[in-house]
Amino acid sequence: MPATATAIRTAKRVDRFTYAIRNIVAEAKKVEATGKTVRYLNIGDPNQFGFLTPPHLIEAVVKAMRDGHNGYVPSPGIAPAREAAAADFASRGVNVSADRVLITSGTSEGIELALTGIVDEGEEVLVPSPTYPLYTAVLAKIGAQPAYYKTDHTNNWQPDLDHIKSLINAKTRALVVIDPNNPTGAIYPEATRRALIAVAEQHGLVILADEVYGDLGYEGTVPAMAALNNDAAIISYSSLSKAYLAPGWRAGWMAVGSSPRLDPALAAIKKLADGRLCSPGPMQYAVTAALTGDRSHQGHFRKELKARAELTTQRMNAIDGISCVAPRSAFYAMPKIELPPGKTDVDFVLGLLRAKGVLTVYGSGFGTALEDGFFRIVFLASLDELSAIYDDVANFTAEFRAS
Ligand SMILES: Cc1ncc(COP(=O)(O)O)c(C=O)c1O
């Protein structure tokens, strides 16, 4: 056979790489092709549900473009944005100088830069179960392994400290803490955060503190983890995507904590960042505008989210066979369905999609077991829409459990 007749072989690492939140859209498209309407409750994008980017951020980007800031910018980011991020961290009790801040293409790029810069092939990273799946996807790409630690739905999705300790070995390099949490909506109490820091410090692990929902606690801003111990090895992340309603701009920031033990990590991350030249320049002007300007949209957004969270919790818990821990932040809930024997969370989610055109994501896409029966709902739609969707979930659940 001539070489031109064979498909180009792909890398094995792609076989290990999964990202259920988007992968499942292929299934939704098949359902749409049959003429059915699909309601997408899979992606946490507030813009798609009418929560719009604050005008002063848009103006900052437009002005930057009009003023000719369309060239490459320094690879760690423009100075005003890095300074604004450092000042914002300072206002939250995190002491970090602007030269330890990088402006990234969303939190996502910061996560990838840190894991790539710190974790070698064959090493392990403690990742919560359930987790935001980018962590395990990046680990798969770099040939490292996740060590899933339990967060417990019977205990408001709090991390299980003893389980974390039992997983640590010579290969463990980092502890991922997603607080406020996607997919559970949990917030951790200060004592738990202190305990997590103590474990990490005792074992020389770096904490990756994912705080992309830090301003979306229903009762207000959630404190930054690094503020509890500025000497601990903590890398903190946030972005414009969620609390500033501009996810498509791919604009975020990361702070490599002030401990000198993190100096080599900072150098490694900056070296990697040089290779991608820079994150989008005009959007970095909006980072400055966001962190130094008016944030009044956040109060309104939090109120809207709280009402949706309450509706979701109440409606899910009213369904026979479903239980749901009340989220305390962000726009996600992770209900549990009692599965009939032999069925999985994927069966439930695909069944719900095909029968009712409601797209959620199975818990196993976030690292829970197939038979545990979790699924994640993004509850950004209006209360009326959600109410109608939850009627469909209730009807489908009754059929599914009787099958
Ligand atoms: C916990 C968590 N971290 C990171 C991200 C990525 O966000 P960004 O748009 O800033 O890359 C998300 C997006 O949903 C998330 O939920």
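Look up: the structure comes first, before these words.
Residues numbered from 1 in each chain as written. Predicted model: local features only at pLDDT ≥ 70, side-chain atom pairs only at ≥ 80, totals over all residues. Heavy atoms only, no water.

Q: Tell me about the overall build of the protein chain, and name the residues and values.
A: Assigned secondary structure in the protein chain consists of 14 helices and 15 strands. In terms of principal-axis extent, the alpha carbons of the protein chain reach across some 65 × 60 × 50 Å. Taking all 403 residues of the protein chain together, 57% fall into the buried category. When contacts within the protein chain are restricted to residue pairs at least 6 apart in sequence, long-range pairs at least 24 apart make up 75% of them. The average position of the 40 basic charges and that of the 42 acidic charges among the side chains of the protein chain differ by 3 Å. (Helix = DSSP H or I, 4+ residues; strand = E, 2+ residues; numbered from the N terminus. Buried < 20%, exposed > 50% of the residue type's maximum accessible area, 1.4 Å probe, protein only. Contact = heavy atoms within 4.5 Å. Lys, Arg positive; Asp, Glu negative; His and termini not counted. Charge placed at Lys NZ, Arg CZ, Asp CG, Glu CD.)

Q: How would you explain helix H13 (residues 345-356) if you had to name every residue and give the values?
A: Taking 1.5 Å per residue, 12 residues should reach 16 Å; H13 reaches 16 Å between its end C-alpha atoms and fits that length. Listed in full, the buried residues belonging to H13 are Asp345, Phe348, Val349, Leu350, Gly351, Leu352 and Leu353. Against helix H3 (25-33), strand S12 (336-337), strand S13 (358-359), strand S14 (361-362), strand S15 (375-378) and helix H14 (383-402) lie the buried residues of H13. Just downstream of H13 lies Gly357, where phi reads positive at about 70 degrees. (Expected span 1.5 Å × (residues − 1).)

Q: Describe the pattern of salt bridges, and please don't skip the residues or the numbers.
A: By the definition in use, this model includes 20 salt bridges. The closest approach of N and O atoms between Glu27 and Arg354, which form a salt bridge, is 3.0 Å. You can see Glu27 sitting in helix H3 and its partner Arg354 sitting in helix H13, a full 327 residues away along the chain. The exposure class assigned to Arg354 is partly exposed, which follows from its relative accessible area of 47%. Two residues, Arg92 and Asp215, come together in a salt bridge whose shortest N-O distance is 3.0 Å. Of this pair, Arg92 sits in the loop between helix H5 (79-91) and strand S2 (101-104) while Asp215 sits in the loop between strand S7 (206-210) and strand S8 (234-239), placing them 123 residues apart in sequence. The exposure class assigned to Asp215 is buried, which follows from its relative accessible area of 6%. Residues joined in a network through salt bridges with shared partners are Asp88, Arg92, Asp215 and Arg295. (Salt bridge = Lys/Arg side-chain N within 4 Å of Asp/Glu carboxyl O.)

Q: Lay out the side chain of Thr107 with the relevant residues and their values.
A: Among the secondary structure elements, Thr107 is positioned in helix H6 (residues 106-118). Among the polar contacts listed, one links the side chain of Thr107 to the side chain of Ser239, at a separation of 3.4 Å. Ignoring any residue separated from it by four or fewer positions in sequence, one finds Thr107 in contact with Asp210, Val212, Tyr237, Ser238, Ser239 and Gly252. (Polar contact = N/O pair within 3.5 Å; in protein donor to acceptor, adjacent residues only side chain to side chain.)

Q: For the sheet that holds S7, give the residues involved together with the corresponding values.
A: Strand order in the open sheet formed by eight strands is S2-S9-S8-S7-S6-S3-S4-S5, with mixed pairing between adjacent strands. Looking at strand neighbours, the two that pair on one side only are S2 and strand S5 (158-159), the edges of this open sheet. Bridging between strand S6 (residues 172-178) and S7 involves five bridges; their strand directions are parallel. The residue of S7 that forms the bridge with Val177 is Ala209. Lying on the sheet, H5 is in contact with S2, S8 and strand S9 (252-256); it crosses S2 at an angle near 115 degrees. (Pairing = 2+ DSSP bridges. Axes fitted to C-alpha atoms, helices over the stretch in contact; angles between N-to-C directions.)

Q: For the packing of aromatic side chains, give the residues involved together with the corresponding values.
A: Here a ring pair, both rings aromatic, is described through the centre-centre distance and the interplanar angle of the planes. All told, the structure shown has 11 aromatic pairs when counted by the stated rule. Taken together, a centroid distance of 5.7 Å and an interplanar angle of 85 degrees make the contact between Tyr213 and Phe331 edge-to-face. A residue pair is termed long-range when its members are at least 10 positions apart, and Tyr213 in the loop between S7 and S8 and Phe331 in the loop between strand S10 (322-323) and strand S11 (332-333) qualify at 118 residues. Centroid distance Phe331 to Tyr332: 4.9 Å. Interplanar angle 50 degrees. Geometry classified as tilted. Using a relative accessible area of 0% as the deciding quantity, one classes Phe331 as buried. Of the residues examined, Tyr332 reaches a relative accessible area of 1% and is grouped as buried. (Phe/Tyr/Trp six-rings, centres within 6.5 Å; stacked < 30°, edge-to-face > 60°.)

Q: An account of unusual backbone geometry is needed here, citing residue identities and associated values.
A: Both trends apply: most residues other than glycine have a negative phi, and most peptide bonds are in trans. At the junction of Ser129 and Pro130, the peptide bond is cis and its omega measures out at 0 degrees in the coordinates. The linkage connecting Asn182 with the following residue, Pro183, adopts the cis geometry, with an omega of 20 degrees. At Ala330, a position not held by glycine, the phi torsion is positive, near 60 degrees. Assignment of secondary structure puts Ala330 in the loop between S10 and S11.

All we've got here are geometric facts, nothing functional implied.
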